[in-house]
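Listed below are the residues making up each chain.
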Amino acid sequence: MSGSIYMATSGAEAQRIRMEILSNNLANINTSGFKEDRAVFRIPDDGLNPGANPDEASEGAAGSFSSAIPLTSHTNYSSGPMQRTGNPFDVAIDGEGFFSIQTDQGVRYTRNGAFTINSEGLLSTAEGDPVMGEGGEITIDGADVRFDASGNIIVDGTTIDKLRIVKISDSEALRKIGKTLFQLDENKGTEETLEYSGVQQGFGRDAADVEADATEARVSFDQDDLFAKVGRTEGCRIAARS
């Protein structure tokens with residue numbers, strides 16, 4: 001099998017993995033605060049050994065060049081469009097920063113501000129995990145709840161706490177753990193205090209638009225797959241004439 005067929009097959013496989021990543025993004029496109037993953041392709045510098053001709057490579061010599069395209073993914077932390085919901089417990093961050101959430105495994109972080117009141121009367125995520133304020137867990141005991149632009153929580157006219165919103169020194173230190181939550185690797189990054197968080201009450205954030213990326217990946221996958229099939233067919237014809 002020629003080197004070009006190996007390369008095309010590898011390209012098709014890489015695009016298939018990319019489609020899986022994009023499918024997950026699309027499945028969460030209406031999830032408030034969801035952060036999409038993006039596939040990153042990297043062609044290694046030594047992808048082809050000096051003097052090697054991939055078109056002349058035999059199946060036994062497949063190791064003379066790289067037949068796999070390394071693919072990794074990273075999370076896109078850019079903000080999606082802000083949408084008015086009218087729900088007083090929907091809170092969006094207009095700018096950088098993460099809400100701090102207390103879970104059974106420790107403090108985690110999210111951009112999803114679709115909050116509610118749990119059975120214990122605490123401001124919480126939809127899953128019931130308490131949202132953290134600067135004074136700890138936030139008890140809501142009142143009818144009129146407001147969040148100002150700085151994150152202060154005002155219940156029936158009295159400020160009871162302030163949302164604990166932080167920024168992370170290096171976004172690469174965050175790891176997705178599901179339910180729009182992130183875990184911080186303290187060996188790679190640290191929390192930093194945000195003086196101004198740009199809180200907007202009654203708004204949510206949509207996930208970033210990934211439909212165009214999905215279409216592009218589908219076209220690339222089809223092209224690579226077709227090229228590989230044509231190459232295999234041609235290889236069979238050459239073998240038959242030999």
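Located above this text is the structure these notes cover.
Note that this is a predicted model, so its numbers are computed, not measured.

Within the protein, the regular secondary structure consists of two helices and 19 strands. Each of the 242 residues in the protein was classed as buried or not, and the buried ones make up 41%. Counting contacts in the protein only where the partners sit at least 6 residues apart, residues at least 24 apart contribute 66% of the total. Taken as a whole, the protein presents about 13,200 Å² of accessible surface, with 47% of it coming from carbon and sulfur.

Bringing the packing of aromatic side chains into the picture now. Applying the stated criterion across every chain, the model contains two aromatic pairs. Their ring planes at 70° and their centres at 5.9 Å tell us that Phe-98 and Phe-182 sit as a pair that is edge-to-face. Taken together, the positions of Phe-98 in strand 5 (residues 98-103) and Phe-182 in strand 16 (residues 181-184) put the pair 84 residues apart, joining distant regions of the chain. By relative accessible area, which is 8% here, Phe-98 ends up buried.

Attention now goes to the pattern of salt bridges. Oppositely charged side chains can pair when the atoms bearing their charge come close. In the structure shown here, the tally under the stated rule is three salt bridges. A salt bridge links Arg-146 to Asp-144, with the nearest nitrogen and oxygen atoms 3.3 Å apart. When its relative accessible area of 32% is taken as the criterion, Asp-144 is described as partly exposed. For Glu-191, the salt bridge identified is with Arg-164, shortest N-O distance 2.6 Å. A residue pair is termed long-range when its members are at least 10 positions apart, and Glu-191 in strand 17 (residues 191-193) and Arg-164 in the loop between strand 13 (158-162) and strand 14 (165-168) qualify at 27 residues. Residue class for Arg-164 comes out partly exposed when judged on its relative accessible area of 25%.

Let us look at the pairing of strand 12 (residues 152-155). Burial along strand 12 is one-sided: Ile-153 and Val-155 are buried, and none of Asn-152 and Ile-154, which face the opposite way, are. Where strand 11 (residues 145-147) and strand 12 come together, three bridges link them in antiparallel fashion. In the strand pairing of strand 12, Phe-147 is matched with Ile-153. The hairpin turn running from strand 11 into strand 12, its antiparallel successor, is four residues long, and Gly-151 in that turn takes a positive phi close to 95°. Bridge analysis of strand 12 against strand 13 gives four bridges, and the strand direction is antiparallel. Note that in strand 13 the partner of Val-155 across the bridge is Thr-158. Linking strand 12 to strand 13, which pair antiparallel, is a turn of two residues; within it Asp-156 sits at a positive phi near 50°.

The rules behind each value
Residues numbered from 1 in each chain as written. Predicted model: local features only at pLDDT ≥ 70, side-chain atom pairs only at ≥ 80, totals over all residues. Heavy atoms only, no water. Helix = DSSP H or I, 4+ residues; strand = E, 2+ residues; numbered from the N terminus. Buried < 20%, exposed > 50% of the residue type's maximum accessible area, 1.4 Å probe, protein only. Contact = heavy atoms within 4.5 Å. Areas by Shrake-Rupley, 256 points an atom, 1.4 Å probe, with all protein chains shown as cover. Phe/Tyr/Trp six-rings, centres within 6.5 Å; stacked < 30°, edge-to-face > 60°. Salt bridge = Lys/Arg side-chain N within 4 Å of Asp/Glu carboxyl O. Pairing = 2+ DSSP bridges.

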